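Close look at the chain arrangement
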Amino acid sequence: MACTCTACNHVHSESHSGGAYDSLWNKSDVARFSAAAVLFVIGIILKVMDDPFKINVMIGSVPVVIAVSSLFFIGTWLTAGVEVMETTLKNIGKESIFDENFLMTFATIGAFILGEWTEGAAVMLFYNLGELLQAAAVQQSRRSITNLMDLRPEFVRLYSCKDEENRLHGEHNLHEHKEHEHADKHHHSETCCMEDAHTGCCDHNHHEDTHAGHTDAGDSCGCGHSHSAENHTGHTHGGHHDEACSCCTHSGDHAEGTLVAPEEVVVGTLILVKPGEKVPLDGILVEGACSFDTSSMTGESMPRFIEAGGTVLAGFVNTDGLAVIKTTAAADETAAAKMLELVEHAQDRKAKTERLISRFARVYTPIVTISAVLLALLPPFILLAAQGKPLSWAAFVPWISRGLVFLVISCPCAFVISVPLGYFSGLGGAAKKGILIKGADFIDALAKTDSVVFDKTGTLTAGILTVQQILPAETDHTKALLELAYIAEYHSQHPIAKAVKNCAQEQLGYERIAELEKEVESLVQYIEKAGSGVSMLRQGKELKAGSALFVLGDTGMQPEIAGTVDGTKVFISYAGLYVGCIICSDSMKAQSAQAISELRSAGVGYLEMLTGDSRSAGEKIAQALQLDRCSCELLPHEKVARFEAISAERKKRNPEAVCVFAGDGINDAPVLARADVGIAMGAIGSDAAIEAADVVLMNDNPQLIPQAIQSARFTRKIVMQNIALSFAVKAAFLAGGALGIIGLWVAVFADVGVALLAVCNSMRARR
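What this report covers is the structure whose coordinates are included nearby. All of these numbers come straight from a predicted model, not from anything done at the bench.

**Let's talk about the packing of helix α1 (residues 27-48) against helix α2 (residues 68-93)**
At a minimum axis distance of 8 Å, the contact between α1 and α2 shows a crossing angle of 160°. By the criterion of interaxial angle, the relationship of α1 to α2 is roughly antiparallel. Here α1 and α2 pass one another in a crossing that is left-handed. Contacts between α1 and α2 involve D29, R32, A35, A36, L39, F40, I42, G43, I44, L46 and K47 from the former and V68, S69, F72, F73, G75, T76, T79, A80, V82 and E83 from the latter. Class assignment for the residues of the contact of α1 with α2 results in 12 nonpolar, 5 polar and 4 charged.

The structure is reproduced here in structure tokens:
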């Protein structure tokens, strides 16, 4: 379906909702049903007119009169039921006979044999209508997720330079702002590695050797122009928009750009996003300060204001201003692409209830088929034998009719469709709130949540650390301690490392920082140990930063003063000598207290926090939130052990109890993977957390945890309602059909009606 995109004034062959989900209705299915309905109406009219047209044919030596209305009813049956009959024949070939398609085919053929032409055609016609409406309901639910996840970019607008004039103007700006060279260079080193790899562990320290370096002289910027060493010495592309790069200094009014496919854009390219356009690829905002609608990614309704240097993700919508972005991910590696993959895979994971219904349908269908045959044959045999009358066709006709009605009513459509649709709607409803659940089985697990265990930093606290105290081993060595700490933490994007680097930058000055950054290039044997720290060789001597055990080992060199101050401690040693300690701390999230209160209200029986932080810092947060317990000073493997102990203890009380873990980073991945349900907090960009977690929250609001549990419980409640509704209605109508109280027409409406009621009920889970 073609649509005009207001963002680029181009006509696209598919709609923005993804093309495959443009319409609720399949055109061929609608056309087939419409044709069948026309044939049926003509047949009804002819029958009401007492069949004025008849055809006389000879079958052997027997003359047969065929009413033309019957031909129209057969045409209705063939047109409406072509797919049903095709599926039946295919299933017979696969030795999988008993399903709803077989039941409908068998029942309608039986009706024709009995001379019930109208009823036989009506059964297939209205069954076709029911399938059409059910398919539309499924499509509506699927489209709700697709619209929510309308994140696949259709085009990328490359950022173009304003010819040679802009380049020369950029060179002028370079000399004019020469005194800001070091500030620019430092700014780039921080802004190119924005918060894509929060580890969320406060015991220090998972380090990632993923620092984005400076743009060297002679490199090409994203607009395709090469910068010479002469013109751009010391300049870091990606700085503020008033700096000296010809591709980022000109007015955005002239930057129309070239439209290309997202797959053609390489990492590091400069792209332009106009007001109202969707950000096509993850990147760093290098020019412009704009508000972005982030609801499709985070579920947050309030726009987010992002300045130059901030991270923007594919799927964000630029609501004002021109944004120039330097891409940091290819099209298939964006956070949006990972989200879509999660949703698609979630549809393939079935809950135990779904699997149970599938198994039940395979057993149920042959049972009711055999029951229908017995209903059609046994009673007339018994009655005729009891009355001493000979066998006659007339005696079997009413019972065969009841058997056919029994077959029609027994179709398990409501079970087969409404249960998975209930879970699918639940997945969509949760996604609308910014909660991605990886499969229906995790909905069932979340609904049984008995206890929740939290990581601290980045989950219950903001994870934005600041240096609170600098404790050098010798009082006059504060500057030396900061210099060594800055070098050691240079490649890390852990919140603690950022806090240390920010403090060093403020106190050491830009010139000294620039010298230290050059020295970093000479470091060798860089080794990281998750949850402990980093070590490397500087000028042939070992430099270590991290926890006390990692840095000081068993030497016993643990200063008493460091143990008396609250916060996360980063110990530094150089050449085997203790240099000092830097203490950082962060603040509790505003939503944490409310999240804990809502979990208590939801009946969650046990809440504990695990942290690598000091006991004093951890217990302070735990007491403020009124948690049941806080386990502190834990390494990653110790967190796993403690979580397993909690889970075992809770399952002793209730074997069905589900223990949930909520964490926010790579360091939490082992516990996320071990938990009955692992919830990754604000895990966009953290590959390890997304892979390990069962539920991904698209922002770092802890209140989404109780919302996820409540959504799961509501979805499961709806699924149980569907099962109970289907069983109750089916049982009542099956009894009525067996007793001859209801006929074939009522059977059709019973079958289609109960399926549609269950489907409508399932759609409530989307709210």
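Now that the structure has been shown, we can carry on.
**Considerations on the environment of V267**
Relative to the elements of secondary structure, V267 occurs in the loop between β6 (259-260) and β7 (270-273). Sequence separation between V267 and L281 is 14 residues, and the spatial gap between their C-alpha atoms is 9.4 Å.

**Focus: the packing of aromatic side chains**
The description of an aromatic ring pair rests on the distance of the ring centres and on the angle between the ring planes. Tallying each qualifying case throughout the model produces 8 aromatic pairs. Relative to F316, the ring of F292 has its centre 6.4 Å away and its plane inclined at 50°; by these criteria the two rings are tilted. Pair noted here: F292 is in strand β9 (residues 290-293) and F316 is in the loop between β11 (311-312) and β12 (317-318), with a separation of 24 residues, a long-range link. Of the two residues examined, F292 and F316, each falls in the buried class.

**Quick notes on the pairing of strand β24 (residues 658-663)**
Residues in a regular strand point their side chains to alternate faces of the sheet. The buried count for β24 comes to 6 of 6 residues, which makes it a mostly enclosed element. Of the two faces of β24, the one carrying V658, V660 and A662 and the one carrying C659, F661 and G663 are both buried. Bridge count for strand β15 (residues 449-455) against β24 is 5 bridges, and the pairing is parallel. In the strand pairing of β24, F454 is matched with A662. The pairing of β24 with strand β25 (residues 677-680) spans 4 bridges and is classified as parallel.

**As for unusual backbone geometry**
Even without glycine at this site, D50 takes up a positive phi of about 65°. Its location among the elements puts D50 in the loop between α1 and β3 (54-59). On the basis of relative accessible area, D50 is assigned to the exposed category, the value being 62%.

**Focus: the sheet that holds strand β13 (residues 323-327)**
The 4 strands are arranged β7-β13-β8-β11 in an open sheet whose pairing can be described as antiparallel. Looking at which strands have only one partner, the edges of the open sheet turn out to be β7 and β11. The pairing of strand β8 (residues 283-287) with β13 spans 4 bridges and is antiparallel. Bridging from a neighbouring strand, G283 pairs with T327 of β13.

**A word on the sheet that holds strand β18 (residues 533-538)**
Read from one edge to the other, the open sheet built from 6 strands follows the order β16-β21-β20-β19-β18-β17, with strand pairing classed as antiparallel. The open sheet is flanked by β16 (466-472) and β17 (524-529), the only strands paired with a single partner. Across the sheet, the mean angle separating the axes of adjacent strands is 15° when strand polarity is ignored. The pairing of β18 with strand β19 (residues 541-546) spans 6 bridges and is antiparallel. From the neighbouring strand, G533 faces β19, where its bridge partner is G546.

**Focus on the pattern of salt bridges**
For the coordinates displayed, the defined rule picks out 16 salt bridges. Among the salt bridges present, the one from K448 reaches E656, with a minimum N-O distance of 3.7 Å. In this pair, K448 sits in the loop between α13 (440-447) and β15 while E656 sits in the loop between α20 (636-653) and β24, placing the two residues 208 residues apart along the sequence. What makes K448 partly exposed here is its relative accessible area of 35%. Between D455 and K639 there is a salt bridge; the shortest N-O distance is 3.1 Å. You can see D455 sitting in strand β15 and its partner K639 sitting in helix α20, a full 184 residues away along the chain.

**Topic: a nonpolar patch on the surface**
Residues F106, I370, V373, L374, L377, L378, F381, I382 and L391 make up a contiguous nonpolar surface patch of roughly 820 Å² in combined accessible area. Top element by residues in the nonpolar patch is helix α10 (residues 352-387). It accounts for 7 residues. In this structure, L391 sits in the loop between α10 and α11 (393-409).

**Considering the nonpolar core**
If you look at the biggest cluster of nonpolar residues, it comprises 41 residues, and the most contacted ones within it are I437, L446, F454 and I679. Ranked by residue count, the leading element in this core is helix α23 (residues 704-738), at 7 residues. With sequence-adjacent residues up to four places away left out, I679 is seen in contact with L446, V660, F661, A662, G663, L672, A693, V695, L697 and I705.

**Overview of the environment of K432**
One can find K432 in helix α12 (residues 413-432). Overall, the relative accessible area of 44% leaves K432 in the partly exposed class.

**Points about helix α15 (residues 495-508)**
Its 14 residues place the ends of α15 20 Å apart at the C-alpha level, agreeing with the 20 Å of an ideal helix rising 1.5 Å per residue. Of all 14 residues in α15, 11 are buried; the element is thus mostly enclosed. The set of residues buried in α15 consists of P495, I496, A497, K498, A499, V500, K501, C503, A504, Q505 and L508. Where α15 terminates, the next one or two residues include G509, which has phi positive at roughly 90°.

**Quick look at helix α19 (residues 615-625)**
Turning to α19, its buried residues are A617, G618, I621, A622 and L625. On an axial view of α19, the arc spanned by its buried residues comes to 130°, and they lie on one face. Opposite the buried face of α19, at more than 90 degrees from it, the exposed residues are K620, Q623 and A624. Those residues of α19 hidden inside the fold are in contact with α18 (592-601), β22 (606-610) and β23 (629-631). Following α19 by one or two positions, Q626 adopts a phi angle in the positive range, close to 60°.

**Some details on a negative patch on the surface**
A contiguous patch of negative charge, built from E263, E264, D332 and E333, is present on the exposed surface. The residue E264 is located in the loop between β6 and β7 in this model. Classification of E264 by relative accessible area gives exposed; the value is 57%.

**Description of the state of the cysteines**
Under the counting rule described, the total for this entry stands at 0 disulfides. There is no disulfide at C584, and the cysteine sulfur nearest it, in C503, is 7.9 Å away. Of the residues examined, C584 reaches a relative accessible area of 0% and is grouped as buried. Residue C630 stays outside any disulfide, its sulfur separated by 3.2 Å from that of C632, the closest cysteine. Overall, C630 belongs to the buried group, its relative accessible area being 11%.

Scoring rules and cut-offs
Residues numbered from 1 in each chain as written. Predicted model: local features only at pLDDT ≥ 70, side-chain atom pairs only at ≥ 80, totals over all residues. Heavy atoms only, no water. Axes fitted to C-alpha atoms, helices over the stretch in contact; angles between N-to-C directions. Helix = DSSP H or I, 4+ residues; strand = E, 2+ residues; numbered from the N terminus. Parallel < 35°, antiparallel > 145°, perpendicular 65-115°, else oblique. Left-handed = near helix turned anticlockwise from the far one by under 90°. Contact = heavy atoms within 4.5 Å. Nonpolar A, V, L, I, M, F, W, Y, C, P; charged D, E, K, R; others polar. Phe/Tyr/Trp six-rings, centres within 6.5 Å; stacked < 30°, edge-to-face > 60°. Buried < 20%, exposed > 50% of the residue type's maximum accessible area, 1.4 Å probe, protein only. Pairing = 2+ DSSP bridges. Salt bridge = Lys/Arg side-chain N within 4 Å of Asp/Glu carboxyl O. Patch = residues over 30% accessible without salt bridge, like charges linked within 9 Å, V, L, I, M, F, W, Y side chains within 5 Å. Areas by Shrake-Rupley, 256 points an atom, 1.4 Å probe, with all protein chains shown as cover. Core = buried A, V, L, I, M, F, W, Y, C linked by side-chain atoms within 4.5 Å. Expected span 1.5 Å × (residues − 1). Arc of directions from axis to C-beta. Lys, Arg positive; Asp, Glu negative; His and termini not counted. Charge placed at Lys NZ, Arg CZ, Asp CG, Glu CD. Disulfide = S-S within 2.5 Å.

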